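Below are the chains, spelled out letter by letter.
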Amino acid sequence: MEFIFEGCEVVVADVELLMEEQMFTRMLMSVSPERQQKARRYKFPKGKALSLGAALALDKLLQRRGLRERDQRYLEGKHGKPSLADHPEIHFSISHSSHFVACAMADCEIGIDIQHLVKVNEPLMRRVLSDEELGMVMAQQGEERQMLFARLWALKEAYLKAVGTGITDDFPSFSLENERPRLVNRQGFFLFREFDFPEGKGALCVVD
């Protein structure tokens, strides 16, 4: 799955094939030493596949700019947000859920997140949702409740990634529901694009 929104390119891919040891080993050689090392650190095939798949998705988008992921060096921001050491003008964001990865790339700050449907319980919801959002989700039943929860979680995570604070922020302290698609704060204007992928909900946040 691929799309473009406000100049931001997005790739969403299934990495299930990378869980096969032979495929993982073959594709691992096409990414940077840093990403190879990161993928190898995971204990189980799924974690290895998601890590490698994220690097391959990033490589696909970099190739459109005449670059390769295997040539890149990474820097890490205060809250863990990665960037390209030699290309600070290129911004990217990565997310993974279930056996899917998503990568977004633009010339401005961005954040992307995907969330597969999970069994929803109140302790989990209170970790993520504001009181207003909690009421909205509790009003739904079954899969509709799961879908709404995944949607709100993806929107909030994408926004926090774009801001640069990631999951260090207090999720229940804010709600985006009444302020999208255009949110304004001290950093500027934020545009949102929601999308579905085969197992859940995704959101992209772009700084205008």
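Look above for the structure.
Note that the coordinates shown come from a computational prediction; the quantities given were computed from them, not determined experimentally. (Residues numbered from 1 in each chain as written. Predicted model: local features only at pLDDT ≥ 70, side-chain atom pairs only at ≥ 80, totals over all residues. Heavy atoms only, no water.)

Under the defined criterion, the tally for this structure stands at 12 salt bridges. Of the charged contacts in the structure, one is a salt bridge between Lys 161 and Asp 113, with a shortest N-O distance of 3.5 Å. Of the two residues, Lys 161 is situated in helix 6 (residues 142-163) and Asp 113 in strand 7 (residues 110-116); the sequence distance between them amounts to 48 residues. Take Lys 161 and Asp 113: they sit in the same class, and that class is buried. When the shortest N-O distance is used, the salt bridge between Asp 196 and Lys 201 registers 2.9 Å. Residue classification places Asp 196 among the partly exposed positions, given a relative accessible area of 47%. (Salt bridge = Lys/Arg side-chain N within 4 Å of Asp/Glu carboxyl O. Helix = DSSP H or I, 4+ residues; strand = E, 2+ residues; numbered from the N terminus. Buried < 20%, exposed > 50% of the residue type's maximum accessible area, 1.4 Å probe, protein only.)

Moving on: the nonpolar core. Generally speaking, a soluble globular protein has its nonpolar side chains buried in company with each other. Counting 25 residues, the largest nonpolar core has Leu 129, Phe 149 and Tyr 159 as its most contacted members. Contributions of two or more residues to this core are made by helix 4 (122-128), helix 5 (131-138), helix 6, strand 9 (188-197) and strand 10 (200-207). The biggest single contributor to this core is helix 6, with 10 residues. Core analysis: the second largest hydrophobic core is formed by 23 residues, Leu 28, Ala 57, Leu 84 and Met 105 among them. (Core = buried A, V, L, I, M, F, W, Y, C linked by side-chain atoms within 4.5 Å.)

What follows deals with the side chain of Ser 95. Relative to the helices and strands, Ser 95 is located in strand 5 (residues 91-97). For Ser 95, the side chain forms a polar contact with the main-chain nitrogen of Ile 114, separated by 3.1 Å. Contacts of Ser 95, omitting those with residues within four sequence positions, involve Phe 100, Val 101, Ala 102, Ile 112, Asp 113, Ile 114 and Lys 161. (Polar contact = N/O pair within 3.5 Å; in protein donor to acceptor, adjacent residues only side chain to side chain. Contact = heavy atoms within 4.5 Å.)

Attention now moves to the environment of Ser 30. The residue Ser 30 is located in the loop between helix 1 (21-28) and helix 2 (33-40) in this model. Setting aside its immediate chain neighbours within four residues, Ser 30 contacts Leu 56, Arg 68 and Arg 70. At a separation of 2.6 Å, a polar atom in the side chain of Ser 30 contacts the main-chain carbonyl oxygen of Met 27.

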